[in-house]
Amino acid sequence: MTAVVRFVTVSKNTVEICEHFIGFVVVDDTTGKGLYETLLDILKSNNLELNNCRGQGYDNGSNMKGKNSGVQARILKDNKRAFFVSCSCHNLNLVVSDAGHSSVTAELFFGVLQRLFAVFAASTQRWQILKEHVNISVKSLPETRWEGKINAVKAVRFQIAEIRDALQELCRMSQVWYDVLQVINRISKALQCPKVDLHTAMNMIDGALLQLQTFRESGFETCIATAKKMAEKLDISQTLTESRTPRTRRFFDYESQHDERPSDPMKRLEIEFFNKLCDIAISSLRERFEMTQNVCEPFSIIRNSDNFMRLDRTQILTKSKALENYLTGEDENSDIDGWELAEELESLKAYFVAAGMTDWSALVMISHIIDKGLDEIYPNFTVTLRIFLTLLVTSASGERTFSKLKLIKTYLRSTMCQDRLNGLAAMSIEHGICNELNFSDIIASFANKKSRKVPL
């Protein structure tokens, strides 16, 4: 298991969201209870108080995110202000996975892509022939990262004329899958940035949902037109092969003939593949980010100043008191005062208009307030923004550390102890901080501590 801490720093009148590697931890008990106790030991060894934690995020394993006995549920019992945010990148990956299993046609499409790669990769001669005809070679499908499958789709989508194997199946579906994966791929890469905040993440998810809905309504005709152009370029038939439509026996009068499969193969492709894929992708996107949306809801008043610019005083006070209750711990102490926050927001309504601000994101607002030295005048608003920016968007930083682990703990270093492993990993992962250190002073200090010479 790897541990990463996320926090907001204020230095030289600038605000920055930071994520830093703590270390790798050997876990013997992978149950929710065992991981919870291990996490408490990590916090204690690094002099971090659980009561000061305002956010927690893990992958989508049941032992981590389980609502009854998972790690996040056990931590919430000790500190209910340690808000859990499910990993956005994992959720996006599962959205595409749900869409990929929406129908047999969707699953067979990726099977054809993998077999296409296997045909060329199994022989160096065949691979050389492929390289002579294409600019982008066919790719193998990643086993876990569904959004990464776009590279395999891209090679076929734009080079269908050069890759003729399994053409009649690929020319009808590559455009659909490319458009869907393109939406997910761009957002997934943006969410993996450590400095992205929850406000930006939810805006991108809402944008992806809107884009998929638009694609569901009018994308099929565009995909068919593109597929026909590809078929014309390849000099193959632009019509789908008609097959016998099986008739279903009706046992009740209320059963309609419209419930039977349409005889038109193009209409059948639209209903059984395109519509089903888009519908499942849209519903999965809403369902899997519902928990994240619930965490953002109490902070809706400060996520974007447009939210409180259009509210009257009573509404602002109601939402501020609700946020105060949300940030109140077991000891009945709250991080903010709702009454004071409401007064600060009323004052900020006029100030933001006078300042001529056009960007209302949480990071821009807190940076502006601290840059102008107004954090002492609006302390509750500043604290609320810092807590919101601290909430985890994704666990991508923790996942990246395992890539470094493979480079550091090699076959020749198989007997490396835990302390040395964490030290080398910290130097590699946090290389930005490491480059700023004066190694001459560190070496001299180390030499003095290890020196066995006795001064006479």
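Residues numbered from 1 in each chain as written. Predicted model: local features only at pLDDT ≥ 70, side-chain atom pairs only at ≥ 80, totals over all residues. Heavy atoms only, no water.

Enquirer: Help me understand the overall build of the protein chain, please; the structure alone is not making it clear to me.
Expert: Looking only at helices and strands, one finds 21 helices and four strands in the protein chain. Looking at the protein chain as a whole, 43% of its 456 residues qualify as buried. Pairs at least 24 residues apart make up 69% of the contacts formed inside the protein chain by residues separated by at least 6 positions. If you sum the accessible surface of the protein chain, you get close to 25700 Å²; carbon and sulfur atoms cover 51% of it. (Helix = DSSP H or I, 4+ residues; strand = E, 2+ residues; numbered from the N terminus. Buried < 20%, exposed > 50% of the residue type's maximum accessible area, 1.4 Å probe, protein only. Contact = heavy atoms within 4.5 Å. Areas by Shrake-Rupley, 256 points an atom, 1.4 Å probe, with all protein chains shown as cover.)

Enquirer: Even after reading the chapter, I still don't get the layout of surface pockets, so can you show me in this structure?
Expert: The gaps left among the atoms become clear once a water-sized probe is rolled over them. In this structure, the largest pocket spans a volume of roughly 1100 Å³. The wall of the largest pocket is formed by 41 residues, among which Val4, Val5, Gly55, Gly57 and Leu392 lie closest to the centre. Those elements giving two or more residues to the lining of the largest pocket turn out to be β1 (2–11), β2 (14–24), α1 (32–45), β3 (55–56), α2 (62–65), α3 (71–78), α17 (379–390) and α18 (396–408). Per-element tally for the lining of the largest pocket: the top contributor is β1, with seven residues. Residue composition of the lining of the largest pocket, by class: 22 nonpolar, 12 polar and seven charged. (1 Å grid on protein atoms, 1.4 Å probe; cavity = no way out; pocket = protein on both sides within 12 Å on 5 of 7 lines; lining within 4 Å. Points joined across faces, edges and corners; volume = space filled by probe spheres on them. Nonpolar A, V, L, I, M, F, W, Y, C, P; charged D, E, K, R; others polar.)

Enquirer: Sorry, what's going on with the pattern of salt bridges here?
Expert: Note that side chains of opposite charge can pair when their charged atoms are close. Summed over the entire model, instances satisfying the criterion amount to eight salt bridges. Notably, a salt bridge pairs Glu270 with Lys267, separated by 3.7 Å at the nearest N-O pair. Of this pair, Glu270 and Lys267 both sit in helix α10 (residues 265–288), three residues apart, which is roughly one turn of that helix. Looking at Glu270, the relative accessible area reads 16%, which means it is buried. Overall, Lys267 belongs to the partly exposed group, its relative accessible area being 39%. One continuous salt-bridge network, built from bridges that share partners, spans Arg54, Arg81 and Asp335. (Salt bridge = Lys/Arg side-chain N within 4 Å of Asp/Glu carboxyl O.)

Enquirer: What is the right way to look at the packing of aromatic side chains in this model?
Expert: When we look at a pair of aromatic rings, we describe it by the centre distance and by the angle of the planes. For the coordinates displayed, the defined rule picks out 11 aromatic pairs. Centroid distance Phe83 to Phe299: 6.0 Å. Interplanar angle 80°. Geometry classified as edge-to-face. Here the residue Phe83 occupies a position in strand β4 (residues 83–84), and Phe299 occupies one in the loop between α11 (290–296) and α12 (300–303), the gap between them amounting to 216 residues. Looking at Phe299, the relative accessible area reads 0%, which means it is buried. Measuring from ring centre to ring centre gives 6.0 Å for Phe299 and Tyr326, while their planes differ by 85°; the resulting arrangement is edge-to-face. In this pair, Phe299 sits in the loop between α11 and α12 while Tyr326 sits in helix α14 (residues 313–326), placing the two residues 27 residues apart along the sequence. (Phe/Tyr/Trp six-rings, centres within 6.5 Å; stacked < 30°, edge-to-face > 60°.)

Enquirer: Just to check I follow, could you spell out a negative patch on the surface for this structure?
Expert: A surface patch of like charges, here negative, comprises Asp28, Asp29, Glu37 and Asp41. Among the structural elements, Asp28 can be located in the loop between β2 and α1. (Patch = residues over 30% accessible without salt bridge, like charges linked within 9 Å, V, L, I, M, F, W, Y side chains within 5 Å. Lys, Arg positive; Asp, Glu negative; His and termini not counted. Charge placed at Lys NZ, Arg CZ, Asp CG, Glu CD.)

Enquirer: When you look at the packing of helix α16 (residues 362–371) against α17 in this model, what are you seeing that I'm missing?
Expert: What describes two packed helices is the angle between their axes and the distance between those same axes. One can describe the packing of α16 onto α17 by two numbers: an axis separation of 10 Å at closest approach and a directional angle of 140°. Overall, the two elements α16 and α17 adopt an arrangement that is oblique. With respect to the hand of their crossing, α16 and α17 are arranged in left-handed fashion. Residues Ala362, Leu363, Met365, Ile366 and Ile369 of α16 form the contact with α17, whose participating residues are Phe381, Thr382, Leu385, Arg386, Phe388 and Leu389. Residues of the contact of α16 with α17, tallied by class, amount to nine nonpolar, one polar and one charged. (Axes fitted to C-alpha atoms, helices over the stretch in contact; angles between N-to-C directions. Parallel < 35°, antiparallel > 145°, perpendicular 65-115°, else oblique. Left-handed = near helix turned anticlockwise from the far one by under 90°.)

Enquirer: Please clarify how helix α7 (residues 150–157) should be interpreted in this entry.
Expert: Burial analysis of α7 places six of its eight residues in the buried class, which makes it a mostly covered element. Within α7, the full set of buried residues consists of Ile150, Ala152, Val153, Ala155, Val156 and Arg157.

Enquirer: For this particular structure, what's the right way to read the pairing of β1?
Expert: The side chains of a regular strand alternate between the sheet's two faces. Across 10 bridges, the pairing between β1 and β2 is antiparallel. For Val10, the partnering residue across the bridge sits in β2 and is Val15. In sequence, β1 turns back onto β2 through a hairpin of two residues, with Lys12 there showing a positive phi of about 55°. (Pairing = 2+ DSSP bridges.)

Enquirer: What should I look at first to understand the packing of helix α15 (residues 338–355) against α17 in this one?
Expert: Two numbers describe how α15 lies on α17: the axes approach to 8 Å, and their chain directions differ by 90°. Relative to α17, α15 is oriented roughly perpendicular. Contacts from Glu340, Leu341, Glu344, Leu345, Leu348 and Phe352 in α15 reach Pro379, Asn380, Phe381 and Thr384 in α17.

Enquirer: Is there a simple way to think about the environment of Ser11 in this case?
Expert: With respect to the helices and strands, the residue Ser11 is situated in strand β1. We classify Ser11 as partly exposed; its relative accessible area is 41%. Spatially, the C-alpha atom of Ser11 lies 9.9 Å from that of Asp371, the residues being 360 residues apart in sequence.

Enquirer: Any chance you could explain a nonpolar patch on the surface here in plain terms?
Expert: Residues Met427, Leu437, Phe439, Ile442 and Ile443 make up a contiguous nonpolar surface patch of about 470 Å² in total accessible area. By residue number, the principal contributor to the nonpolar patch is helix α21 (residues 439–450), which donates three residues. By secondary structure assignment, the location of Ile442 is in helix α21. Classification of Ile442 by relative accessible area gives partly exposed; the value is 42%.

Enquirer: Looking at this model, I keep getting lost on the state of the cysteines. Mind explaining?
Expert: Two cysteines form a disulfide when their sulfur atoms are joined by a covalent bond. One pass over the structure, following the stated rule, counts zero disulfides. In this structure Cys89 is a free cysteine whose sulfur lies 5.1 Å from that of Cys87, the closest cysteine sulfur available. (Disulfide = S-S within 2.5 Å.)

Enquirer: Help me out: how do you make sense of the confidence of the model for the protein chain in this one?
Expert: Reading predicted coordinates in detail is not appropriate for stretches of low pLDDT. Summarising the model, the protein chain shows a mean pLDDT of 81, and 89% of its residues fall at 70 or more. Considering only residues more than four positions removed or in separate chains, one finds that residues 165–170, a stretch of pLDDT under 50, has 13 contacts. (pLDDT = per-residue confidence, 0-100.)

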